[in-house]
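# Structural characterization, general
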Amino acid sequence: MIDAKSYSAIVKEATPRTQEARTLFTAFCVGGLICMIGQAFSDVYTAFVPLDEKSISALTGMTMIFIGSLLTGIGVYDKIGYYAGAGSIVPITGFANSIVSPAMEFHNEGIVFGLMARMFGIAGPIIVSGVCASVAVGFIYFVIGAVGL
């Protein structure tokens, strides 16, 4: 029988070493690059599209979601994610990837039970949490406004 101390030593020896500095740097650079691309789209839209600031923000978000979805669909985003790690999941493109990936995986089960049912398997709880939090914050603002604080 192996005691806990010996087991911990065996696990520590068998566990592969991570290169934390390299992976953190890579995640930071790739996440930053994705955000810079989004900012570039925003700047181009601001210069050439006659819309207000909110509309430019929405258009930029839609563009980044489209790019993330397209790259997931053609298999490139998974390679970026393998290389970048968490740097690829933080921006909005990572959210698009989390919706498109399960939809692609289960598309052969049909439109309703495959694509539509599985699409929000990963992102669904995040969407529900965001909606609930926004309702709670909206209620708090309503109460504060009604009381006159």
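Whatever comes next refers back to the structure up there.
Residues numbered from 1 in each chain as written. Predicted model: local features only at pLDDT ≥ 70, side-chain atom pairs only at ≥ 80, totals over all residues. Heavy atoms only, no water.

## Examining the overall build of the chain
Helix and strand counts for the chain come out as seven helices and zero strands. Element order for the chain, N to C, with α for helix and β for strand: α-α-α-α-α-α-α. Put simply, the chain has 149 residues, and 22% of those count as buried. A sequence separation of at least 24 residues applies to 51% of the contacts in the chain between residues at least 6 apart. Carbon together with sulfur atoms contributes 73% to the accessible area of the chain, which is approximately 11000 Å² in total. (Helix = DSSP H or I, 4+ residues; strand = E, 2+ residues; numbered from the N terminus. Buried < 20%, exposed > 50% of the residue type's maximum accessible area, 1.4 Å probe, protein only. Contact = heavy atoms within 4.5 Å. Areas by Shrake-Rupley, 256 points an atom, 1.4 Å probe, with all protein chains shown as cover.)

## Overview of the layout of surface pockets
By volume, the largest pocket is sized at about 150 Å³. If you trace the largest pocket, you find it lined by Val30, Leu33, Ile34, Ile37, Met64, Ile67, Leu71, Tyr77, Ile80 and Thr93. At the level of elements, α2 (20-48), α3 (53-73) and α4 (76-84) are the ones that each hand at least two residues to the lining of the largest pocket. Looking at the lining of the largest pocket, the element that brings in the most residues is α2, giving four residues. (1 Å grid on protein atoms, 1.4 Å probe; cavity = no way out; pocket = protein on both sides within 12 Å on 5 of 7 lines; lining within 4 Å. Points joined across faces, edges and corners; volume = space filled by probe spheres on them.)

## What to know about the nonpolar core
Listed in full, the five residues of the largest apolar core are Val30, Ile34, Met64, Tyr77 and Ala84. Put simply, the parts of the chain that give this core at least two residues each are α2 and α4. (Core = buried A, V, L, I, M, F, W, Y, C linked by side-chain atoms within 4.5 Å.)

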